[in-house]
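Descriptive analysis of the structure
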Amino acid sequence: MSEIRLGVLALQGAFREHINMLERIGVEAVEVRRAEQLDDLDGLIIPGGESTSMGLVAERWGLVEPLRQWVHMGRPTWGTCAGMILLAEQATGQKQGGQALIGGLDVTVNRNYFGRQVDSFEADLDAPALGETPVHAVFIRAPAITAIADDVEVLTTVPGWGNNHEAVIAAVRKGPILATAFHPELTDDLRWHRYFAQIVRENMQRAD
Ligand code: GLN
């Protein structure tokens, strides 16, 4: 039984892993490659991978404008890693330009913030919105969120990573938009997928 139908943008990167996680929590999941598919979805995940490549493929396949409209219509969207970069209103450390491709989430991301220092690392992070047990976060050439608008909710931070050893923001939510700098789909912890499915359900109830 699946009362919601979620899409995973399947242009590049770790989309199959997200599909597997959604199936494990009993949610119908489809790989999205065409703009028309968005019409039949209740929510969308933009996976990790490489944001420049993903953006180029999205442009070639005519998906950039439909994705912008999707996000601006307030449809539930979760970006992980490269997907988070694409959702940010501003990005630094870009290969070209400073503007992210899809936007809609009022944050600034630094594209390879953690990746500058180590290619990848794992950490157990507190994320109270998901429960008392810390979440295991896998960071791969990961971005960080370096600035947020007032109404953006911080869900988890990485202690001690900032220039002055302050905590660095690694996951946020703003209404129906969720963004994580790390890859929950590469762990066994289903809580982030459940959390996003709940955002989608709440959004549908509001729309009724
Ligand atoms: N830093 C990468 C980028 O710019 C994202 C890496 C990832 O998604 N694992 O796209």
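Numbering of residues starts from 1 in each chain and follows the order in which that chain's sequence is written. Restriction of local features to residues with pLDDT of at least 70 applies here, the model being predicted, together with a cutoff of 80 or more for giving and counting side-chain atom pairs; totals for whole chains, interfaces and linings are based on all residues. Water and hydrogen atoms play no part in the side-chain values, which are based on all heavy atoms of the structure.

Some points on the packing of aromatic side chains
Stated formally: Ring pairs shown here join Phe, Tyr and Trp side chains whose ring centres sit within 6.5 Å, with only the six-membered ring taken for Trp; geometry is labelled stacked below 30 degrees between planes, edge-to-face above 60, and tilted in between. Labels follow the DSSP assignment, with helices taken as runs of H or I lasting at least four residues and strands as runs of E lasting at least two, numbered in each case from the N terminus. Only protein chains enter the calculation, and the probe is 1.4 Å; a residue is then buried if its accessible area is under 20% of its type maximum, exposed if over 50%, and partly exposed in between.
For the coordinates displayed, the defined rule picks out 10 aromatic pairs. Arranged with centres 5.5 Å apart and planes meeting at 65°, the rings of Phe 182 and Trp 192 form a pair that is edge-to-face. Separated by 10 residues along the polypeptide, Phe 182 in the loop between β12 (177-180) and α5 (191-207) and Trp 192 in helix α5 bring together distant segments of the chain. By relative accessible area, Trp 192 is classed as buried at 1%. Ring geometry for Trp 192 against Tyr 195: centres 6.3 Å apart, planes inclined by 85°, an arrangement best described as edge-to-face.

Looking at the site of the ligand
Formally: Throughout, the term near means that a residue has one or more heavy atoms lying within 4 Å of the molecule or strand in question. Polar contacts, as counted here, are pairs of nitrogen or oxygen atoms within 3.5 Å of one another; within protein the pair requires one atom able to donate a hydrogen and one able to accept it, and residues that are adjacent in sequence qualify only if both atoms are side-chain atoms. Shrake-Rupley sampling with a 1.4 Å probe provides the accessible areas, and residues are treated as covered by the protein chains on show and by no other component. Throughout, the ten residues Ala, Val, Leu, Ile, Met, Phe, Trp, Tyr, Cys and Pro are labelled nonpolar, Asp, Glu, Lys and Arg are labelled charged, and all others, Gly among them, are labelled polar.
Looking at the ligand, the residues that line it are Gly 48, Gly 49, Glu 50, Ser 51, Cys 81, Ala 82, Ile 85, Arg 111, Asn 112, Ile 140, Arg 141 and His 183. One of the backbone nitrogen or oxygen atoms of Ser 51 is found 2.5 Å away from an oxygen atom of the ligand. At 3.0 Å from an oxygen atom of the ligand is found a main-chain nitrogen or oxygen belonging to Ala 82. Within the complex, 97% of the 300 Å² of free accessible area of the ligand lies under protein. For the shell around the ligand, a count of residues per class yields four nonpolar, five polar and three charged.

Structural notes on the side chain of Arg 111
Along the chain, the position of Arg 111 falls in the loop between β6 (105-110) and β7 (120-125). Assessed through its relative accessible area of 6%, Arg 111 is described here as buried. Looking at Arg 111, its side chain comes within polar contact range of the side chain of Ser 51, at 3.4 Å.

Looking at the nonpolar core
Our working rule: Put simply, a nonpolar core is a bunch of buried Ala, Val, Leu, Ile, Met, Phe, Trp, Tyr and Cys residues held in one set by side-chain atoms that sit within 4.5 Å of each other. Note on contacts: a residue pair qualifies if any of its non-hydrogen atoms lie within 4.5 Å across the two residues.
By size, the foremost hydrophobic cluster in this structure holds 76 residues, and its most contacted members are Phe 114, Phe 139 and Trp 192. Leaving out residues up to four positions away in the same chain, Phe 139 has contacts with Phe 114, Asp 119, Ser 120, Phe 121, Leu 125, Val 158, Ala 170, Ala 181 and Phe 182.

Concerning the pairing of strand β1 (residues 5-9)
This is how it is decided: In this analysis, strands are considered paired if DSSP registers two or more bridges between them. Handedness of a crossover is defined as follows: orient the strands so they point away from the viewer, and if the path from the first strand over the helix to the second runs clockwise, the crossover is right-handed.
The buried fraction of β1 amounts to four of the five residues, a majority that puts the element mostly inside the structure. Bridge analysis of β1 against strand β2 (residues 28-32) gives five bridges, and the strand direction is parallel. Pairing of Leu 9 across the sheet is with Val 32, part of β2. In this fold, β1 hands off to helix α1 (residues 15-24), which returns the chain to β2; that crossover is right-handed. Note that β1 and strand β3 (residues 43-46) share three bridges and pair parallel. Across the sheet, the residue bridging to Gly 7 is Leu 44, located in β3.

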